[in-house]
Amino acid sequence: MLLDTPSLYFRAFYGVPESVTSPDGMPVNAVRGLLDMIATLVRQHSPAQIVACMDADWRPEFRVAAIPSYKAHRVASGDEEQVPDTLAPQVPVIEEVLDALGVARVGVAGYEADDVIGTYAIAATSAVDIVTGDRDLFQLVDDEKPCRALYTVRGIRNLQIVDEAFVREKYGIPGRAYADFATLRGDPSDGLPGVAGIGDKTAAALITRFGSLSALLAALDDGGAEGFPAGARNKLAAARDYLEVAPAVVRVAHDVPVPDVDITLPAAPRDPERLVALSEKYGLDGPLGRLLAVLA
C-alpha cells in the first residue's frame with residue numbers, strides 16, 4: 001500500500017475541524033485525521049507492506065525547466081508552496097508520529113511523492129494499492145500486476161477502486177493511457193496548459209485512435225490528415241514544442257533512488273516511548289489507540 005501522504009493530510013485538514021487541538025491549543029486536525037485514515041485503510045485492506053510517500057520537493061526543477069508554469073500558481077514565495085498556516089506546523093508532527101510508529105516514510109530530494117509512488121509501484125513484485133486523491137496516479141494502474149488506485153474523492157470509507165476498466169469507462173481511453181490523455185487535455189490545477197482547443201473528448205479520441213502519444217506524434221510528423229478529427233491536426237502542430245517536453249512533466253518517475261528501508265507493516269511501535277510522548281503532547285490518544293489496535 002502506497003500512501004500519497006500529502007494528498008491525504010490535505011484531505012484530513014479540510015475534513016476535520018480546526019477546533020480539534022492539542023492540549024496547548026495547536027490545531028492537530030490533519031494529524032488526527034491522517035492517523036484515522038491509515039487505521040481505516042489497514043483494517044479494510046490488510047496490506048503486508050506500507051509506505052507513506054512524501055514530497056521532498058513539491059515542484060521539482062526538472063519539471064519546472066520543461067514547463068515553467070508547472071504549479072506556478074501555487075507558489076507562496078520563493079520555492080515555498082501555499083499551505084494553510086495551521087497545516088504547515090502539523091506536517092513535522094505527522095512525520096515524527098509515523099517514524100515512532102515504524103510506518104516507512106519515504107521522500108527523496110528532487111522528487112514528488114508521486115515519483116516515489118511510481119518507483120515503488122513499478123518495482124513491486126506483488127499487488128499494489130495506491131491511496132490518493134490525485135488523478136495523475138491513474139497512469140500507474142495495471143491489471144496484470146495488479147496495481148490499482150484507491151481514489152479518495154468520495155471519502156476514505158467509500159473509496160473508488162480505479163483499475164483499467166474504470167479508466168476505459170470514465171475517460172474512453174485504453175486503460176494504461178491516462179498520462180498521454182492528460183498531456184493532451186492539460187491540467188489547470190497543476191499549471192499544465194495542454195493543447196489549445198483539445199478537450200477531453202478529442203483527447204480521448206486521439207489516444208484511442210493512435211494508441212499512444214508517441215504514435216500520434218509520429219503520425220503528425222508524417223504529414224497526413226488521416227485519423228485526426230477535424231481541425232485537430234493544426235492544433236497539435238501548433239503545440240508541437242509543448243508535446244515534446246510535456247511527457248517528462250506529466251509522467252511520474254520510475255527510477256527514484258529510494259532508500260533501502262523496511263516497509264513491512266509494523267505490528268507494534270518502533271519507538272514506544274517517543275510515541276507516548278508525542279501522544280501526550282499533541283493529544284493523540286484516540287486516533288493512535290485506534291491505529292495501534294488495528295496494527296496489533
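Up top you'll find the structure we're talking about.
Residues numbered from 1 in each chain as written. Predicted model: local features only at pLDDT ≥ 70, side-chain atom pairs only at ≥ 80, totals over all residues. Heavy atoms only, no water.

Undergrad: Just checking my understanding: could you explain the overall build of the protein for this structure?
TA: For the protein, the helix and strand inventory stands at 13 helices and eight strands. Relative to its length of 296 residues, the protein is compact, with a C-alpha radius of gyration of 21 Å against a globular reference of 19 Å. Looking at the protein as a whole, 50% of its 296 residues qualify as buried. Summing over all exposed atoms, the protein offers an accessible surface of approximately 13300 Å²; the carbon and sulfur share of this is 51%. (Helix = DSSP H or I, 4+ residues; strand = E, 2+ residues; numbered from the N terminus. Rg over C-alpha atoms; globule rule 2.2 N^0.38 Å. Buried < 20%, exposed > 50% of the residue type's maximum accessible area, 1.4 Å probe, protein only. Areas by Shrake-Rupley, 256 points an atom, 1.4 Å probe, with all protein chains shown as cover.)

Undergrad: So what exactly am I meant to see when it comes to the environment of Asp187 here?
TA: Secondary-structure assignment places Asp187 in the loop between α7 (178-185) and α8 (200-210). Placed 122 residues apart in sequence, Asp187 and Ala65 show a C-alpha to C-alpha distance of 17 Å. Residues contacting Asp187, with those up to four places away along its chain left out, are Asp136 and Leu192. (Contact = heavy atoms within 4.5 Å.)

Undergrad: I'm lost on helix α6 (residues 164-171) in this one. Help?
TA: Along an α-helix, a turn takes 3.6 residues, which lines up residues three or four apart on a common side. By the burial criterion, the buried members of α6 are Glu164, Phe166, Val167 and Tyr171. Take α6 and look down its axis: the buried residues cluster within an arc of 160°, on one side only. Elements in contact with the buried residues of α6: β8 (160-162), α7 and α8. Taking the backbone nitrogen of Ala165 as reference, a side-chain oxygen 3.3 Å away marks Asp163 as the first, capping residue of α6. Just downstream of α6, Gly172 is the residue with a positive phi angle, here 70°. (Arc of directions from axis to C-beta. Polar contact = N/O pair within 3.5 Å; in protein donor to acceptor, adjacent residues only side chain to side chain.)

Undergrad: What am I meant to see in the environment of Pro146 here?
TA: For Pro146, the position within the fold is in the loop between β6 (128-132) and β7 (147-151). Exposure remark for Pro146: the relative accessible area of 40% places this residue in the partly exposed category. Separated by 17 residues in sequence, Pro146 and Asp163 have C-alpha atoms that sit 8.6 Å apart. Residues contacting Pro146, with those up to four places away along its chain left out, are Ser126, Ala127 and Val128.

Undergrad: Is there a simple way to explain the nonpolar core in this structure?
TA: General note: in soluble globular proteins, nonpolar side chains tend to be found buried as a group. Formed by 40 residues in total, the largest nonpolar core has its most connected members in Leu3, Leu35, Ile38, Ile50, Val97, Leu101 and Val131. Of all the secondary structure elements, the ones that give two or more residues to this core are α1 (5-15), α2 (29-45), α4 (90-101), α12 (272-282) and α13 (285-295). In terms of residue count, α2 provides more of this core than any other element does, nine residues in total. Those residues in contact with Val97 that sit more than four places away from it in its chain are Leu35, Leu275, Leu278, Leu284 and Leu288. (Core = buried A, V, L, I, M, F, W, Y, C linked by side-chain atoms within 4.5 Å.)

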